[in-house]
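# Descriptive analysis of the structure
The lines below spell out each chain.
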2 protein chains.
Amino acid sequence: MLQPRGLLLLGLLSWVPVSFADPIAIAIHGGAGTLTRDSITPEQERDYLAILNTAVQQGYERLQHGAIGSDVVRETIQLLENSPLFNAGHGAVLTFNGTHELDASMMLGHNLAAGAVAGVTRVKNPIEAAYAVLNYSPHVLLSGAGADEFAESQGLSMVDNRYFTTLGRVEALELFRTQYNHGKVQSGDEKFGTVGVVVLDTSGNLAAGTSTGGMTGKRWGRIGDSPLIGSGTFADNRSCAVSATGHGEFFIRWQVASDICARVRYQGLDLLVAANQVIHDELALAGGEGGVVAIDPKGNAAMVFNTEGMYRASINSAGDKVVGIYRDHAGTVNQGQDVSDG
Amino acid sequence: MLQPRGLLLLGLLSWVPVSFADPIAIAIHGGAGTLTRDSITPEQERDYLAILNTAVQQGYERLQHGAIGSDVVRETIQLLENSPLFNAGHGAVLTFNGTHELDASMMLGHNLAAGAVAGVTRVKNPIEAAYAVLNYSPHVLLSGAGADEFAESQGLSMVDNRYFTTLGRVEALELFRTQYNHGKVQSGDEKFGTVGVVVLDTSGNLAAGTSTGGMTGKRWGRIGDSPLIGSGTFADNRSCAVSATGHGEFFIRWQVASDICARVRYQGLDLLVAANQVIHDELALAGGEGGVVAIDPKGNAAMVFNTEGMYRASINSAGDKVVGIYRDHAGTVNQGQDVSDG
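Residue numbers restart at each chain and count upward from 1, following the sequence in its written direction. Labels are handed out in written order, letters beginning with A for the chains and numbers beginning with 1 for the ligands. With pLDDT at 70 or above as the cut-off, local features in this predicted model cover only qualifying residues; side-chain atom pairs require 80 or more to be listed or tallied, and sums for whole chains, interfaces and linings still use all residues. No hydrogens and no water enter the side-chain calculation; it runs on all heavy atoms of the structure.

### Details of the pattern of salt bridges
Salt bridges are defined as contacts in which a side-chain nitrogen from Lys or Arg sits within 4 Å of a carboxyl oxygen from Asp or Glu. Going through the model one piece at a time under the given rule, you end up with 24 salt bridges over all chains. Note that A:Asp71 is salt-bridged to A:Arg74, the shortest N-O span being 2.7 Å. Here A:Arg74 and A:Asp71 lie together in helix α3 (residues 69-82), a separation of three residues that amounts to about one turn. The two residues A:Asp71 and A:Arg74 agree in class, both being buried. Salt-bridge contacts for B:Glu152 lead to B:Arg122; the nearest nitrogen and oxygen are separated by 3.0 Å. Residue B:Glu152 is found in helix α5 (residues 144-153), and its partner B:Arg122 is found in the loop between β3 (114-120) and α4 (126-136); the two are separated by 30 residues along the sequence. Note on classification: 1.4 Å probe, protein chains only; a residue is buried when its accessible area is under 20% of the maximum for its type, exposed when over 50%, partly exposed between these limits. A relative accessible area of 31% means that B:Arg122 is categorised as partly exposed. Segments assigned H or I by DSSP are reported as helices when at least four residues long, segments assigned E as strands when at least two residues long, and all are numbered from the N terminus.

This is how it looks when you write it as structure tokens:
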């Protein structure tokens, strides 16, 4: 997608080796947690890497062909929601009451438009509901039965709540209930598995989206960080786009997504430095586990987490692809951070 | 509440005219909107000024006696919730369906602890529910029937939904429905009336809280900025405490509360400068109407709004009291900002 400026320079300076195409970039995550080689079978590893690779590659190619950021975020998250491997859409975790309550959000960096839903139970793809709220409602955040009703009124695909259920999540709830009945507090991976996508499109616009089933055994209409602008999702062309995954309560209190962007905007920090400060200095010290994927207006991508691993993939403005699960994956430096400068 | 350091200096330097007591400060709002002298009767003006004065004075005296910030925020907001004059608790606006769905949040600046409820229908004082979530749940944000259930399990005072109804709000909904049936879009004060309190206590800790009935005619489980950490409420001892009121969707997208604090923390701006930038430069340009009250760790108080008026009151660390409604109220400089430096 060469623009006039690029074409002109290409004519004058055809020996310059770099591309003059507008920078594009994409980064995705499928949740963070106690992901070690011991805890994942080779088959599972292969399946996760395959879908992460497919998702990031398809999204990147859509960006190459000029698709706008909101569409790429939407389509890529749909692909992850439809996979049973992730805690979003089909494959979402179960609440304390044995049902599914799903959350999703989306934000656009060029006009700070945002849409989100919390606690929907019948929308097949919650990210589509967030997109509809962004475009077709005067509101930013709709919740519960009202959000389902709005989604249905927009003609979105609706399903029975059991559509989201998979055997693994039923077993996870049974384990949770057993532990709960023995007085054990939640401590592990039942909190993670959210999916998220951030992109820079050919118009130079950032966009971010996040979708989740929340945490196994959640109750009282608990809302985590995923549908909350500034907590789990944020995008501003003046700084960066972020999607988060992890122990949502910490991500709300620390305003993880918007704080990373605030450090970029107000302190002039590199994206990776800002993300490291928030995830490792602020969150890790407080005991908040999780990670983020983020992209800045130049197409730098950062994937930073303080857990054992994070399902993740990115292609930055230089075309460098990273697909990984574990902290020590190739392309990953120490402390769980992937560097891919544009 | 003189501290040893203060007493020592007082002994050595008894001629110094300033107080050595730890600084305390409080600022409150009761909503922003088209508040002009023409639109308010002398009796209404007297009633609003009286309760604003009572609330800020009682809160200040509690702080003087060493009450912790979370208690002062809680008690002061309860007083405003129990008054029919404000759109919070008794006197809250009605939803599209003719019921009340109430939101509230609280955050503490020393540990970033936070609690919030969205869409509760039976808790007499939603700020008490937010406080209970903060202290007695592993979560930050509970919603809907689950949030009511949690509040009841904590022994909070529960009421029938009709407890919140007042004649003025019934008439407002009727007007809204008439306009809605004629295709008119919401445009005015039906969006405003939220209450909020920020304090600096004798321990040097900031706290913030906000409570609202939302906007007249809201539907689809709409959640505004009031229960959202970073949007309507934020507190961090490293920067400031903020409570917002206004057109919630803008306050979510612009992350008003946390953005003011980010500018203080990362750019070293004075609180008033930061609040002016966000409310006048960012929000007003985007068409987002409303305002904030804010306090910094030195006890400076800022009350800034881009509407015709904001019900407000503050007492800063120097003991200066401001109580006002209109933009041109004594103590107010132009552009709807009250200065009260500590």
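### Focus: the relation of the copies chain B and chain A
What sets the superposition is a least-squares fit of C-alpha atoms, and only residues with pLDDT of at least 70 in both copies go into it. Superposing chain B onto chain A requires a rotation of 180° together with a translation of 0.0 Å along the rotation axis, leaving an RMSD of 0.0 Å. Overall, the copies show the geometry of a two-fold rotation axis. Two residues qualify as a contact provided that any one of their heavy atoms is within 4.5 Å of a heavy atom in the partner residue. Of the interface residues in chain B, 100% have counterparts in chain A that sit at the interface too, so the contact is made through matching surfaces.

### Notes on the sheet that holds strand β12 (residues 321-326) of chain B
Residues and elements named next belong to chain B. Ordered by their spatial adjacency, eight strands build an open sheet running β4-β3-β2-β6-β5-β1-β11-β12, and the pairing between neighbours is mixed. In this open sheet, the two strands that pair with only one neighbour each are β4 (141-143) and β12. Strand after strand, the sheet turns through a mean of 5° between neighbouring axes, direction not considered. A strand pair is defined by DSSP finding two or more bridges across the two strands. Judged from the six bridges that link them, strand β1 (residues 25-33) and strand β11 (residues 309-315) form a sheet pairing that is antiparallel. Directly across from Ala27, in β11, lies its bridge partner Ser314. To obtain an axis, a line is fitted to C-alpha atoms, over the contacting stretch when the element is a helix, and the angle between two such axes runs from 0 to 180 degrees between their N-to-C directions.

### Observations concerning the side chain of B:Thr212
All names here are of chain B. Considering the arrangement of structural elements, one finds Thr212 in strand β6 (residues 206-212). Using a relative accessible area of 3% as the deciding quantity, one classes Thr212 as buried. A polar atom in the side chain of Thr212 sits 3.0 Å from the backbone nitrogen of Gly214. The contact partners of Thr212, leaving out residues within four places of it in the chain, are Asn87, Ala88, Leu102, Asp103, Thr194 and Ser226. Any pair of N or O atoms that falls within 3.5 Å is considered a polar contact. Within protein, one atom must be able to donate a hydrogen and the other to accept it, and sequence-neighbouring residues count only if both atoms are side-chain atoms.

### Thoughts on the packing of helix α2 (residues 42-64) of chain B against helix α3 (residues 69-82) of chain B
All names here are of chain B. For the pair α2 and α3, the least separation of the axes is 10 Å and the interaxial angle reads 160°. For the element pair α2 / α3, the angle class is roughly antiparallel. For the pair α2 and α3, the sense of crossing is right-handed. In contact with Ile51, Thr54, Ala55, Gln58, Gly59, Arg62 and Leu63 of α2, α3 contributes Asp71, Val72, Glu75, Thr76, Leu79 and Leu80. In this count, Pro and Cys sit with the nonpolar residues alongside Ala, Val, Leu, Ile, Met, Phe, Trp and Tyr, while Asp, Glu, Lys and Arg are called charged and the others, Gly among them, polar. Residue composition of the contact of α2 with α3, by class: six nonpolar, four polar and three charged. The scheme is simple: roughly parallel for angles under 35 degrees, roughly antiparallel for over 145, roughly perpendicular for 65 to 115, oblique for anything else. Helix crossings fall into two classes, left-handed where the near helix is turned counterclockwise from the far one by less than a right angle and right-handed where it is turned clockwise.

### Section: helix α8 (residues 256-267) of chain A
Expected helix span is given by 1.5 Å per residue-to-residue step, counting one fewer step than there are residues. Here α8(A) contains 12 residues, and its C-alpha end-to-end distance of 16 Å stays within 8% of the 16 Å for a straight helix at 1.5 Å per residue. Most of α8(A) is tucked away, with 10 of its 12 residues classed as buried. Along α8(A), the residues classified as buried are A:Val256, A:Ala257, A:Ser258, A:Asp259, A:Ile260, A:Cys261, A:Ala262, A:Arg263, A:Val264 and A:Tyr266. Buried residues belonging to α8(A) abut β7 (233-235), β8 (241-246), α7 (248-253), α9 (271-286) and β9 (290-295) of chain A together with α8 (256-267) of chain B. Phi turns positive one or two residues past the end of α8(A), at A:Gly268, with a value near 70°.

### Observations regarding the side chain of A:Asp201
All names here are of chain A. The residue Asp201 is located in the loop between β5 (195-200) and β6 (206-212) in this model. It turns out Asp201 is buried and unbridged, and the closest side chain with the opposite charge, Arg62, is 11 Å from it. A polar contact of 2.9 Å, which involves the side chain of Asp201, links it to the backbone nitrogen of Gly69. Within the structure, the side chain of Asp201 is placed 3.0 Å from the backbone nitrogen of Ser203, a separation counted as a polar contact. Beyond its immediate chain neighbours, meaning those up to four positions away, Asp201 contacts Pro23, Ile24, Leu63, Ala67, Ile68 and Gly69. In summary, the charge assignment counts Lys and Arg as positive and Asp and Glu as negative, without counting His or the chain termini.

### Describing the environment of A:Tyr60
Residue and element names in this part refer to chain A. As for its placement among the helices and strands, Tyr60 is situated in helix α2 (residues 42-64). Its relative accessible area of 12% is what places Tyr60 among the buried residues. Considered as a pair, Tyr60 and Ile24 are 36 residues apart in the sequence and their alpha carbons are 7.8 Å apart. Excluding anything up to four places from it in sequence, Tyr60 contacts Ile24, Ile26, Ile315, Asn316 and Gly319.

### Focus: the environment of A:Asn276
Residues and elements named next belong to chain A. Note that Asn276 resides in helix α9. Residue Asn276 is classed as buried on the basis of its relative accessible area, which comes to 15%. Taking C-alpha positions, Asn276 is 9.1 Å from Ala302, a pair spaced 26 residues apart along the chain.

### Quick notes on the interface of chain B and chain A
Across the contact, 39 residues belong to chain B and 39 residues belong to chain A. Here the quantity called buried area is the total loss of accessible area, with a 1.4 Å probe, experienced by two parts when brought into contact, counted for both. Carbon and sulfur atoms supply 60% of the area buried between chain B and chain A, which totals about 3,300 Å² over both sides. Ranking the residues of chain B by area buried against chain A places B:Trp220, B:Arg253 and B:Tyr266 at the top, with a combined share of 25%. Our count for the contact surface shared by chain B and chain A stands at four salt bridges. Its salt-bridge partner being B:Arg238, residue A:Glu282 comes within 3.1 Å of it at the nearest N-O pair. For the side of chain B that touches chain A, the secondary-structure elements that each account for two or more residues are β4, α5, α7 (248-253) and α8 of chain B. The element that contributes the greatest number of residues to the side of chain B that touches chain A is α8(B), accounting for seven residues. For the side of chain B that touches chain A, the per-class residue count stands at 20 nonpolar, nine polar and 10 charged.

Everything listed here is a matter of geometry and, on its own, says nothing about what the molecule does.
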